[in-house]
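# Architecture at a glance
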Amino acid sequence: MKHSDILNSDKAPEPVGLYPHARKVGNLLFLSGVGPRRKGTKEIPGVTLDEKGNITSYDIEAQCHSVFENVRHVLEASGSGWDKLIDVTVFLTNMKDDFKKYNEIYAQYFKDNQPCRTTVEVNALPTPIAIELKCIALVE
């Protein structure tokens, strides 16, 4: 693969490790995991942390809107778009409490484009977030 196949968005939050926002392979765009964090800060919409960095409260609705916005930033910076998403894997840290609200918000964003979707619960994510998306999209 060429180094030029590595793609990053100047609007999405910086990765928390050594990986790009996305890689293009043929006409497919593979996004790294994207969370709801704000670019250039450690701020996570809807999350309140204690002095030790532990989550004391969070708003899954705010996180959903933010993570979808961040995915859109990566897609657009990579020459793709929301309507070109073909597969979405969603990681939730609290399926029991968050799935219903997340599913309602997801339906608003994906009513016109309906990519394949898998939703799984994980024990934790690398930063104090409640949702992360891993996506595959078409790219010209």
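Everything here concerns the structure above.
Description of the structure in this document. Small disclaimer: the values here were computed from a predicted structure and weren't measured. Note that residues are indexed from 1 along each chain, following the sequence as it is written. In view of the model being predicted, local features appear only for residues whose pLDDT reaches at least 70, and side-chain atom pairs are presented and counted only at 80 or more, with totals across whole chains, interfaces and linings using the full set of residues. By convention in this description, side-chain values take in all heavy atoms of the structure and omit both hydrogens and water.

It is worth spelling out the layout of surface pockets at this point. Lining residues are those with an atom within 4 Å of a point, where the points come from a 1 Å grid over the protein atoms alone and group into cavities, where a 1.4 Å probe fits but cannot get out, or pockets, open sets with protein on both sides within 12 Å along at least five of seven lines. Grid points are joined across faces, edges and corners, and a volume is the space filled by probe spheres set on the points. One number sums up the size of the largest pocket: a volume of about 210 Å³. Lining the largest pocket we find 18 residues, and of these Y19, G33, V34, G35 and R37 sit closest to its centre. The residue inventory of the lining of the largest pocket, partitioned by class, reads 10 nonpolar, 5 polar and 3 charged. Think of it as three bins: nonpolar holds Ala, Val, Leu, Ile, Met, Phe, Trp, Tyr, Cys and Pro, charged holds Asp, Glu, Lys and Arg, and polar takes everything else, Gly as well.

Formed by 28 residues in total, the largest nonpolar core has its most connected members in L29, L31, F68, V71, L75, I131 and L133. Strands are runs of DSSP state E lasting at least two residues, helices are runs of H or I lasting at least four, and both sets are numbered from the N terminus onward. Elements with a contribution of two residues or more to this core: β3 (28-31), α1 (60-77), β6 (85-92), α2 (95-109) and β8 (131-138). It is α1 that provides the largest number of residues to this core, a total of 7 residues. Among all residues touching V71, those that are not within four sequence positions of it are L31, V34, W82, L133 and C135. To qualify as a nonpolar core, a set must consist of buried Ala, Val, Leu, Ile, Met, Phe, Trp, Tyr and Cys residues joined through side-chain atoms within 4.5 Å. For every residue, the accessible area obtained with a 1.4 Å probe (protein chains only) is divided by the maximum for its type, and the residue is called buried under 20%, exposed over 50%, and partly exposed between those limits. In this analysis, two residues are considered to be in contact whenever any of their non-hydrogen atoms come within 4.5 Å of each other.

Once that is clear, we can look at α1. By this rule the span expected of a helix is its residue count minus one, scaled by 1.5 Å. Compared with an ideal rise of 1.5 Å per residue, which puts 18 residues at 26 Å, α1 spans 26 Å between its outermost C-alpha atoms and is within 8% of the ideal. Every buried residue of α1 is accounted for by I60, Q63, C64, S66, V67, F68, N70, V71, H73, V74 and L75. Put simply, D59 is the residue that caps the front of α1, since its side-chain oxygen is 2.9 Å from the backbone nitrogen of E61. As used in this structure description, the phrase polar contact means that two N or O atoms lie within 3.5 Å; if the pair is within protein, one of them must be able to donate a hydrogen and the other to accept it, and residues adjacent in sequence are counted only when both atoms belong to side chains.

Let's shift gears to the pairing of β3. The two faces of β3 differ: L29 and L31 on one face are buried, but L28 and F30 on the other face are not. Across 4 bridges, the pairing between strand β2 (residues 22-25) and β3 is antiparallel. The residue bridging V25 from the neighbouring strand is L28, located in β3. Being paired, for any two strands, means DSSP has found at least two bridges between them. Hairpin connection between β2 and β3: a loop of 2 residues separates the two successive antiparallel strands, and G26 in this loop has a positive phi of roughly 60°. Relative to β8, β3 runs antiparallel, the two sharing 3 bridges. Looking at β8, one finds that L28 is bridged to L138.

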